[in-house]
Amino acid sequence: MLPVLTESYGNASSIHHFGQAAKQRLEIARRQVARLLGARKATEIVFVSGGTEADNLAITGAVGASTRSTKHVITSTIEHPAVLNVCRELEAEGVAVTYVGVGGSGVIDVRDVRRALRPDTVLISIMHANNEVGTVQPVREIAELARESGVLFHSDGVQAAGKLPLEDTGADLYTVSGHKFGAPKGIGALYVRDKVKLAPLMRGGKQERERRPGTENVPGAVAMGRAAEWINSNFASETARIAELRDRLEREILASVPHARANCAASPRTPNTSNILFEGIEGEAMVIALDLKGFAVSSGAACSSGAVEPSHVLTAVGLSKDDARSCIRFSLGRQNDEHQVAALVEAVVASAAHLRRLSPVAVG
Ligand code: PLP
């Protein structure tokens, strides 16, 4: 990024040589991201500000470009708010939305998607990998179903980039976010299959082939392109290494902490994610206890209006509200190694014992 921030600072839409140098770098980045996503043409990549914008653009854009008089969208109950809240807004505008549920596996049954199809269905939006439990959805099968039904298929791949192969999802629209795979925050991309019509979210200039107006974020795109290249060269070894660390983390925690279990662990999952229920322990308390020991984990629950709301994903996979509040999501990445995993296991075991001593509750 540094040369683009400091030297080659041109506006990629300018025709002078500074602009053209920036444009060249932007187009290299577009090809790198296209390669990561298995896009046939680099022009199928639209640079945006992140996963949220890509999801909004895909769903609002596809529905907005449809000329049908009645419109129906299929999504799932475990999507990120960047998809769910767009769908809720569409409902308020008169678009029908079906939210397909998941069982305890955390994996969508393609037959449920098939059953949800209607003659006026214009779009299916189902994530590739879930951000809380890591479950991998059958995107290839959903893409085939969508194609044979003449319906567009969008997939939120924010949690899949760098963790799963992306070249063969079959999606017409596919979301990635730079900060999930090594680029800075504030850059993302939407893959838009050639000839798929999309109404832009914003009004402005003609950048990104009129799909996303605004001066291009060249440093962000360049960084995302480099991150994509890194994944293209290191994917197999890195995902195998991370999966081994994750499995070890999970195995050792479950062996050492009583009344703990891993959510959706029998399902296909991204290699980096483990979501563990520690019965009777407040997830937030565990997050703070581990933070004090230098480990950053997530409870998945969000604080809204002063109350800790249980995660919609964990309740969708069948956990009670109390159990959902007792879960911790561990995510591993490129920076982690086996020494950190060993130290984390020790910290989790000690914190769980301490928290249970502080506020004993009946478990089991
Ligand atoms: N979709 C999923 C599955 C996510 O996990 C996230 C962020 O964590 C987003 C969308 C939103 O991406 P961004 O933070 O880049 O807007």
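No experiment lies behind these values; they were computed from the predicted model shown.

Novice: Just checking my understanding: could you explain unusual backbone geometry for this structure?
Specialist: Residues other than glycine predominantly adopt negative phi, and peptide bonds predominantly adopt the trans conformation. Even without being glycine, Glu208 reaches a positive phi, approximately 50°. Its location among the elements puts Glu208 in helix H7 (residues 207–210). The backbone of Cys264 sits at a positive phi, close to 60°, despite the residue not being glycine.

Novice: I'm lost on the sheet that holds strand S4 (residues 121–125) in this one. Help?
Specialist: The pairing of strands in a sheet happens through backbone hydrogen bonds and is either parallel or antiparallel. Taken in spatial order, the 7 strands line up as S1-S7-S6-S5-S4-S2-S3 in an open sheet, and their pairing is mixed. Looking at which strands have only one partner, the edges of the open sheet turn out to be strand S1 (45–48) and strand S3 (96–100). Going across the sheet, the axis of each strand differs from the next one's by a mean of 20°, ignoring polarity. In the sheet, S4 pairs with strand S5 (residues 152–156) via 3 bridges, with the strands oriented parallel. Note on S5: the bridge partner recorded for Leu123 is Leu152. Set on the sheet, helix H2 (residues 17–37) makes contact with S1, strand S6 (173–177) and strand S7 (188–192); between it and S1 the angle comes to about 115°.

Novice: Hey, could you run me through the pattern of salt bridges in this one?
Specialist: Oppositely charged side chains can pair when the atoms bearing their charge come close. If you walk through the whole model with that rule in mind, you get 20 salt bridges. The partner of Lys23 in a salt bridge is Glu27, and the shortest N-O contact between them spans 3.2 Å. Here the residue Lys23 and the residue Glu27 both occupy positions in helix H2, the gap between them amounting to 4 residues, near one helical turn. Between Arg30 and Glu208 there is a salt bridge; the shortest N-O distance is 2.8 Å. Taken together, the residues span a long stretch of sequence, with Arg30 in helix H2 and Glu208 in helix H7 at a distance of 178 residues. Of the two residues, Arg30 and Glu208, both sit in the buried class. Taken together, the shared-partner salt bridges connect Lys23, Glu27, Arg30 and Glu208 into one network.

Calculation notes
- Residues numbered from 1 in each chain as written.
- Predicted model: local features only at pLDDT ≥ 70, side-chain atom pairs only at ≥ 80, totals over all residues.
- Heavy atoms only, no water.
- Helix = DSSP H or I, 4+ residues; strand = E, 2+ residues; numbered from the N terminus.
- Pairing = 2+ DSSP bridges.
- Axes fitted to C-alpha atoms, helices over the stretch in contact; angles between N-to-C directions.
- Contact = heavy atoms within 4.5 Å.
- Salt bridge = Lys/Arg side-chain N within 4 Å of Asp/Glu carboxyl O.
- Buried < 20%, exposed > 50% of the residue type's maximum accessible area, 1.4 Å probe, protein only.

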